[in-house]
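Residue strings, one per chain:
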Amino acid sequence: MRYISTRNNRLSLQSKSAIVKGISDEGGLFVPETFPTLENPELFSSLSYREIAFQVLRPFLSDFSKEELIAAIDSAYDKKFDDPLIVPLVRTCSCYYMELYHGATCAFKDIALSILPLFMTAGISSLGIDKKVVILTATSGDTGKAALQGFMDVPGTAIVVYFPEEGVSPIQKLQMRTQKGSNTKVIGIRGNFDDCQRAVKEIFNDSPLVEDLSAEGCLLSSANSINIGRLLPQIVYYFSSYAALVRRGDIDYGDLINFVVPTGNFGDILAGYYAEQMGLPVHKLICASNENKVLTDFINTGVYDKNRELHLTNSPSMDILVSSNLERYLYHLSEGDDRLVAQLMEELQSKGVYHLPQALKEKMNMAAGFADEEAGNAMLKKVFEEEGYLMDTHTAVARAVYEEYRQRTQDSTPTVILSTASPYKFPRAVFSALGEELATEDDFAIIEALSELTDTTPPQSILDLRVSPVCHEETIDISHIKTHLEHYLKGDHPW
Ligand SMILES: *Cc1c(COP(=O)(O)O)cnc(C)c1O
């Protein structure tokens, strides 16, 4: 399997190189040249999560030995997950919830970021790289912690995470600021997530800076979902959830199902599209947005327009106006038209808007909808009361969008909602959505009250935060990001 850049399809790399590199030099993203078909996917219902992961990842990672891949899968999907199924599927009276938050940091990012560092170290050693691989990551909250946890003390790597000071939940902030590991660095940015993401992309595209750091022994790479090594592991759970439905006898192999995906950077739903291209029987992928509904508008009209105000909501991981992975979708939709993709991305950068050609718009098989904070909160409360299922604020957006979709289309296809974070990651927002109030600044008091009210148990890793020392306190202006990074990487550090 070769990977090509969305903006230059003459460039072609094997998976290890694409993963270590992260992003292509001209700014494009790596995509698989073709979508492999799987052998006997109808038998997946008798396989474990790890076994399905092997079947799905193998054809994509053809330059990994069988042993390398098995070792990576086995050490990624182990006791770090507090559910032996890794991604359990919960059924309520209305739909299914695919719980992606049983990993170390309680959000779906753990699925990919538990294995990405292992891909990276395999790549570093096979490619004979003698430089420190420095992972730069912009986060809207969940990626940062999951990446820090994944790369903590991984030999040959260091990680620097930038998060928007005003754009993440207090628990998310605390999770990052208490990060251990001699190779980790966490920096608050005065700005929003799009500012952070743009600043990090600019670092990658600043060739003199990249060369200068390379001369100092640092090779920059990314753990954001622009890295293809993030995307591939996410395909697995679409197959594993489908297999779970077959195993339960709720569907027969071959029956179509829907997935509803709470979407920000378009990585999670793109993995669903990849699964569909590989033959998974999907009726509709439903893209759910919060008030920042740039994707809903795009899917419904074919016009991508980021010229609007960014709203900070109680589903912060979806507060995004520039969804990086959409670029990959455009590439596949246009059957590899790298010039068109480069042109659209140029228009997005210069004008903040682009129009998809009509023929491509017609090829999009996604549905889309959005739910504002009020609708999400109301749904969170309703589902808890009527279905006995407690979900986080991002999942509530997806659930609300599904409700609206089902009423509008009368589509009764079995539907899986991707449940992307533990409700305890956003305790204050969840507690208040349930109509409760507690006059306290202390999120841990809210966690306790939420647990009592709903008779659910908070994840241990979140309870542990209460006594974890803060190791990272820096906040900088976005304009200082480059000089700050240079200073840090050229300075004395423990690694
Ligand atoms: C990252 C995240 C999302 C959005 O996923 P994308 O791949 O960026 O579309 C949704 N919910 C939660 C909880 C997340 O952490």
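Residues numbered from 1 in each chain as written. Predicted model: local features only at pLDDT ≥ 70, side-chain atom pairs only at ≥ 80, totals over all residues. Heavy atoms only, no water.

Draft legend 1. Fine view of the site of the ligand. If you check the shell around the ligand, you find 14 residues, and the closest are Lys-109, Asp-142, Gly-264, Asn-265 and Asp-268. A distance of 2.6 Å separates an oxygen atom of the ligand from a polar side-chain atom of Lys-109. Measuring from an oxygen atom of the ligand, one finds a backbone N or O atom of Phe-266 at 3.0 Å. Residue classes in the shell around the ligand are distributed as four nonpolar, seven polar and three charged. (Near = heavy atom within 4 Å. Polar contact = N/O pair within 3.5 Å; in protein donor to acceptor, adjacent residues only side chain to side chain. Nonpolar A, V, L, I, M, F, W, Y, C, P; charged D, E, K, R; others polar.)

Draft legend 2. Quick look at the sheet that holds strand β3 (residues 30-32). One open sheet holds the three strands; their spatial order is β2-β1-β3, and the pairing between them is antiparallel. Looking at the sheet topology across the chains shown, the edges are occupied by β2 (8-13) and β3. Each strand of the sheet is rotated relative to its neighbour by a mean of 40°, with strand direction disregarded. Note that strand β1 (residues 3-5) and β3 share three bridges and pair antiparallel. (Pairing = 2+ DSSP bridges. Helix = DSSP H or I, 4+ residues; strand = E, 2+ residues; numbered from the N terminus. Axes fitted to C-alpha atoms, helices over the stretch in contact; angles between N-to-C directions.)

Draft legend 3. Molecular detail of the pairing of strand β6 (residues 132-138). Among the seven residues in β6, seven count as buried, and that is most of the element. Relative to strand β9 (residues 218-222), β6 is paired through five bridges, and the arrangement is parallel. Pairing of Leu-136 across the sheet is with Ser-222, part of β9. Here six bridges tie β6 to strand β7 (residues 157-164), and the two strands are oriented parallel to one another. Bridge pairing in β7 places Leu-136 opposite Val-160. (Buried < 20%, exposed > 50% of the residue type's maximum accessible area, 1.4 Å probe, protein only.)

Draft legend 4. View of the packing of helix α13 (residues 326-333) against helix α14 (residues 338-351). It is the contact of α13 with α14, at a shortest axis distance of 9 Å, that shows an interaxial angle of 145°. Crossing of α13 over α14 shows right-handed handedness. Contact with α13, carried on its side by Glu-327, Leu-330 and Tyr-331, involves Asp-338, Val-341, Leu-344 and Met-345 of α14 and no other residues of that element. Considered class by class, the residues forming the contact of α13 with α14 number five nonpolar, no polar and two charged. (Left-handed = near helix turned anticlockwise from the far one by under 90°. Contact = heavy atoms within 4.5 Å.)

That is the geometry; function is a separate question.
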